[in-house]
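# Residue-level structural notes
Here is what each chain is made of, one letter per residue.
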Amino acid sequence: MTQISTMTAGIDTSKAKLDIAVHERTERWQVANTLRGWRRLAAEFSKAGVARVGIEATGGYERGVVRHLRERGFVVLVLQPIQVRAYARVHLRRAKNDLLDARLIAACAAAIDPPDIEPDERLAELAGHLTFVEQIEEDIARLKVRLEHIDEPRLRRIVLADIARLKVRRTAELLRIVKALRAHGDLTRRLDLVLSVPGIGERTAIALVVRMPELGRVSREQAAALAGLAPFDDDSGTHKGRRHIAGGRERLRRSLYAAALPAAFRWNKALVALYTRLMARGKAHNAALVACARKLLIYANTVVHRGTPWIDTHAAA
């Protein structure tokens, strides 16, 4: 933790408006969650001497104001709801309304260090696009389940047509994301390096590059923790609990977990050996797959850090 010295504000976000409070000061505002409101907010922050802004992730309603403030030189911390809730519990804060939430977010943002790695706005925009693709995939999965319970031929044709249409859309949207990544030399190199790892196909590589801008610039332990694939202890006194994973970037973790199964059974010799070894030691199938997903992430992090494609000796890294 750093000593609080930077003037920090907190923003509670909703679809229509923003409630703002300055940490340990009386300033507070409410503006529309529109370009006009963001401009007014940036001017008020400059006048009040605010340099750092905390804002809670709210499913996308925060993206516009975050981008606007960052473009104007403010340090903006996008906090996960779990961070804000944990801070509130530590300080025994139970009352809740929009202004109190803004004050709480400001206090939380003032108490934590800003990230060492600056956000990449190119990837932030693509993350929203990738979420749309993932939602299409979820729609396809739901329709496939529905199909299992439909016998009437006409209804089956309708559902099958919907599935085919969504698959075409999914492919087209993924191509757009790849095109956007390859419009930048550094992102092209990162994508190609990740693709060099056996077991990581284009869909997983896209998720890694877009959802983990820190790839190659953090340690293997930090990368695993960011994806929610780091095993946490559950020990107390003489009790030795099972290790488990928690938190992290859920959508990225899902992509890695989905890639781990075929990689551990066929595509990556190192993961085939790891999975076999873990199962022989009595590990559960899911636990072994989580370990393989974590290894895939570590391999991707390693090749990007080194700047060289995968070679077999990386399996021992």
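A brief look at the structure comes next. (Residues numbered from 1 in each chain as written. Predicted model: local features only at pLDDT ≥ 70, side-chain atom pairs only at ≥ 80, totals over all residues. Heavy atoms only, no water.)

### Observations regarding the pattern of salt bridges
Per the counting criterion, the structure on display carries 18 salt bridges. A salt bridge links E173 to R176; the nearest nitrogen and oxygen atoms lie 2.9 Å apart. One end of the pair, E173, and the other, R176, are both in helix α6 (residues 153-181), three residues apart, so they sit about a helical turn from each other. The exposure class assigned to R176 is partly exposed, which follows from its relative accessible area of 48%. When the shortest N-O distance is used, the salt bridge between E250 and R254 registers 3.0 Å. Of this pair, E250 and R254 both sit in helix α10 (residues 250-267), separated by four residues, roughly a single helical turn. A relative accessible area of 44% means that E250 is categorised as partly exposed. The exposure class of R254 is partly exposed, given its relative accessible area of 42%. (Salt bridge = Lys/Arg side-chain N within 4 Å of Asp/Glu carboxyl O. Helix = DSSP H or I, 4+ residues; strand = E, 2+ residues; numbered from the N terminus. Buried < 20%, exposed > 50% of the residue type's maximum accessible area, 1.4 Å probe, protein only.)

### Concerning the side chain of T204
When you line up the elements, T204 lands in helix α8 (residues 202-211). Its relative accessible area of 9% is what places T204 among the buried residues. Each residue touching T204, except ones within four places of it in the same chain, is listed here: S255, L256 and A259. (Contact = heavy atoms within 4.5 Å.)

### Section: helix α3 (residues 81-90)
Structurally, the α-helix is built with 3.6 residues per turn, so residues lying three or four positions apart point the same way. Along α3, the residues that are buried comprise V84, Y87 and A88. Burial along α3 is one-sided: seen end-on, the buried residues are contained in an arc of 100 degrees. Turned more than 90 degrees away from the buried face of α3 sit I82, R89 and V90, all of them exposed. (Arc of directions from axis to C-beta.)

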